[in-house]
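Structural description and commentary
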Amino acid sequence: MIYKGSCHCGQVVFEAAGSLEKVMECNCSICSKRGSLHWFIPRENFRLLSADDCMSTYTFNKHIIKHRYCPACGCAPFSEGIAPSGNYMVAINARCLDGVDLSSIEVGHFDGRSL
Ligand SMILES: [Zn+2]
């Protein structure tokens, strides 16, 4: 299944392919403030439909993960990084997907604070 997602103002638009069965809530410093619900997919299953320069990028700590956000409306629809396996991954913020009933999706808990 292909999901469409966007920031609030619609400047950042993307598609994500896969089966959305579980999202992860993370307790690290940025996720706890943002309230993101992560859906991890391989980079090749992700397609940015808007121009790359429509987004700003925030990094911190080891600067490995690129936290993308819309400079106009402030939404943070996804982050990009490399998994321990070496694969390029995208963590979609499921809250930014269109037409998804989050109350029907299992929420797991990831202890990012302890990493
Ligand atoms: Zn926006």
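None of these values were measured; they are calculated from a predicted model. (Residues numbered from 1 in each chain as written. Predicted model: local features only at pLDDT ≥ 70, side-chain atom pairs only at ≥ 80, totals over all residues. Heavy atoms only, no water.)

**Overview of the sheet that holds strand S4 (residues 37–42)**
- The seven strands are arranged S6-S7-S8-S9-S4-S3-S10 in an open sheet whose pairing can be described as mixed. Each of the sheet's edge strands pairs with one partner strand only, and the pair in question is strand S6 (56–58) and strand S10 (106–110). Across this sheet, the average inter-strand angle for adjacent strands is 35°, counted without regard to direction.
- As judged from the five bridges shared by strand S8 (residues 78–82) and strand S9 (residues 88–93), these two strands associate in the antiparallel manner. For Phe-78, the partnering residue across the bridge sits in S9 and is Ile-92. (Pairing = 2+ DSSP bridges. Helix = DSSP H or I, 4+ residues; strand = E, 2+ residues; numbered from the N terminus. Axes fitted to C-alpha atoms, helices over the stretch in contact; angles between N-to-C directions.)

**Describing the coordination of the zinc ion**
- Here the zinc ion is held by Cys-7 (SG), Cys-9 (SG), Cys-70 (SG) and Cys-73 (SG), and the distances to it run 2.3 to 2.4 Å.
- Seen from the zinc ion, its four donor atoms lie at angles of 105 to 119°, and the figure they make is tetrahedral.
- The partly exposed category is assigned to Cys-73, whose relative accessible area is 28%. (Donors = N, O, S within 2.8 Å, 3.2 Å for Na, K, Ca; no water. Tetrahedral: all angles 85-135°; square planar, octahedral: opposite > 155°, others 65-115°. Buried < 20%, exposed > 50% of the residue type's maximum accessible area, 1.4 Å probe, protein only.)

**Topic: empty space enclosed by the protein**
- Taken as a whole and judged by the stated rule, the model has one cavity of 30 Å³ or more.
- Size it by volume and the largest cavity reaches roughly 60 Å³.
- Arg-34, Ser-36, His-38, Ala-76 and Ser-79 are, among the 13 residues lining the largest cavity, the residues nearest its centre.
- When contributions to the lining of the largest cavity are tallied by element, the ones reaching two or more residues are helix H1 (29–34), S8 and S9.
- In terms of residue class, the lining of the largest cavity is made up of seven nonpolar, five polar and one charged. (1 Å grid on protein atoms, 1.4 Å probe; cavity = no way out; pocket = protein on both sides within 12 Å on 5 of 7 lines; lining within 4 Å. Points joined across faces, edges and corners; volume = space filled by probe spheres on them. Nonpolar A, V, L, I, M, F, W, Y, C, P; charged D, E, K, R; others polar.)

**Here we look at the sheet that holds strand S2 (residues 13–17)**
- Read across the sheet, three strands follow the order S1-S2-S5 without closing on themselves; strand pairing throughout is antiparallel. If you trace the sheet from one side to the other, it starts and ends with strand S1 (2–6) and strand S5 (46–48), each paired once. Mean inter-strand twist for the sheet, computed between neighbouring axes without regard to direction, equals 20°.
- Bridge count between S2 and S5: three bridges; the pairing is antiparallel. Among the inter-strand pairings, Glu-15 is bridged to a residue of S5, identified as Arg-47.

**Observations regarding the environment of Ile-41**
- As for its position among the elements, Ile-41 is in strand S4.
- Taking C-alpha positions, Ile-41 is 11 Å from Gly-81, a pair spaced 40 residues apart along the chain.
- Discounting residues that sit within four places of it in the chain, Ile-41 has contacts with Ala-16, Ala-17, Phe-46, Met-89, Val-90 and Ile-92. (Contact = heavy atoms within 4.5 Å.)

**Overview of the side chain of Glu-80**
- Summarising the element assignment, Glu-80 is placed in strand S8.
- Exposure remark for Glu-80: the relative accessible area of 14% places this residue in the buried category.
- Of the polar contacts made by the side chain of Glu-80, one reaches the side chain of Arg-43; its length is 3.3 Å.
- Not counting the four nearest positions on each side in its chain, Glu-80 is found in contact with Arg-43, Ile-64, Ile-65, Lys-66, Arg-68, Met-89 and Val-90. (Polar contact = N/O pair within 3.5 Å; in protein donor to acceptor, adjacent residues only side chain to side chain.)

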